[in-house]
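Chains, contacts and geometry: an overview
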Amino acid sequence: LGRSGSAPEYSWGNNVDINGGPIYKLNSNYTKTDVFDGSVNPDFTSMLKDPSDPSMAYVITHFESPSPSLLTMAKVHQDSETGVLSVVSRQDVDFSAWGGVMQPCAGSVTPWNTHLGSEESDPDARLYELGTDLASLSMFSSVASRMISMAR
């Protein structure tokens, strides 16, 4: 249905900043490079049937890394004779009102045909108070540096 990758032309897994622009990898001194930072790590995908049209469904995919990462939702059509699925539309799920999403991970489809998703870990902002610089925040240093570079 879709392909994720580390090039801007792949629509699934493209990490974008708050303005919709691509996010690029950082080098060792936390400055932006010209290398696109897309995800190749889909962690969970659900398929939800459209109750109003049995030939349509919604596919929600969690991309776990890099952090911060994203979820995408695609509307798909299933051919009644062949069973082949084709993408009708696709969009990123917008979490900007809640400050974005860090690492969407496991998920499930409920008995009510709804999507239930989770975060991999909870980045605790209180840990930042303990650090003196980005390097001292070992497990959060790459996430913090990405967030700082996106804000520039």
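Residues numbered from 1 in each chain as written. Predicted model: local features only at pLDDT ≥ 70, side-chain atom pairs only at ≥ 80, totals over all residues. Heavy atoms only, no water.

1. A closer look at the sheet that holds strand β5 (residues 70–78)
In space, the four strands of this open sheet follow the order β3-β4-β5-β6, with antiparallel pairing throughout. The strands lining the two open edges of the sheet, one partner per strand, are β3 (42–49) and β6 (85–92). The sheet shows a mean angle of 25 degrees between the axes of neighbouring strands, taken without regard to direction. The sheet contact formed by strand β4 (residues 56–63) and β5 spans eight bridges and is antiparallel. Counterpart to I60 in the pairing with β5 is M73. (Pairing = 2+ DSSP bridges. Helix = DSSP H or I, 4+ residues; strand = E, 2+ residues; numbered from the N terminus. Axes fitted to C-alpha atoms, helices over the stretch in contact; angles between N-to-C directions.)

2. What to know about the environment of K49
With respect to the secondary-structure elements, K49 resides in strand β3. Accessibility expressed as a relative area gives 57% for K49, which makes it exposed. In this structure the C-alpha to C-alpha distance between K49 and V59, which are 10 residues apart in sequence, comes to 8.9 Å. The residues touching K49, leaving out its near neighbours within four places in the chain, are M56, A57 and N113. (Buried < 20%, exposed > 50% of the residue type's maximum accessible area, 1.4 Å probe, protein only. Contact = heavy atoms within 4.5 Å.)

3. Points about the confidence of the model for the chain
Averaged over all residues, the pLDDT of the chain equals 77, while 72% of them reach at least 70. Here helix α2 (residues 141–151) stands out as the element of the chain with the lowest mean pLDDT, 48, in contrast to β4, whose mean of 93 is the highest. Below pLDDT 50 for its whole length, residues 144–152 participates in 20 contacts with residues either more than four positions away or in separate chains. (pLDDT = per-residue confidence, 0-100.)

4. What to know about the side chain of T61
Turning to its location among the elements, T61 is positioned in strand β4. A relative accessible area of 5% places T61 in the buried class. For T61, the side chain forms a polar contact with the side chain of T45, separated by 3.3 Å. If sequence neighbours within four positions are ignored, T61 has contacts with W12, P42, F44, T45, L70, L71 and T72. (Polar contact = N/O pair within 3.5 Å; in protein donor to acceptor, adjacent residues only side chain to side chain.)

5. A word on the pattern of salt bridges
Here the structure, examined in full by the defined rule, presents one salt bridge. Close ionic contact of R90 with D92 constitutes a salt bridge, the shortest N to O distance being 2.9 Å. (Salt bridge = Lys/Arg side-chain N within 4 Å of Asp/Glu carboxyl O.)

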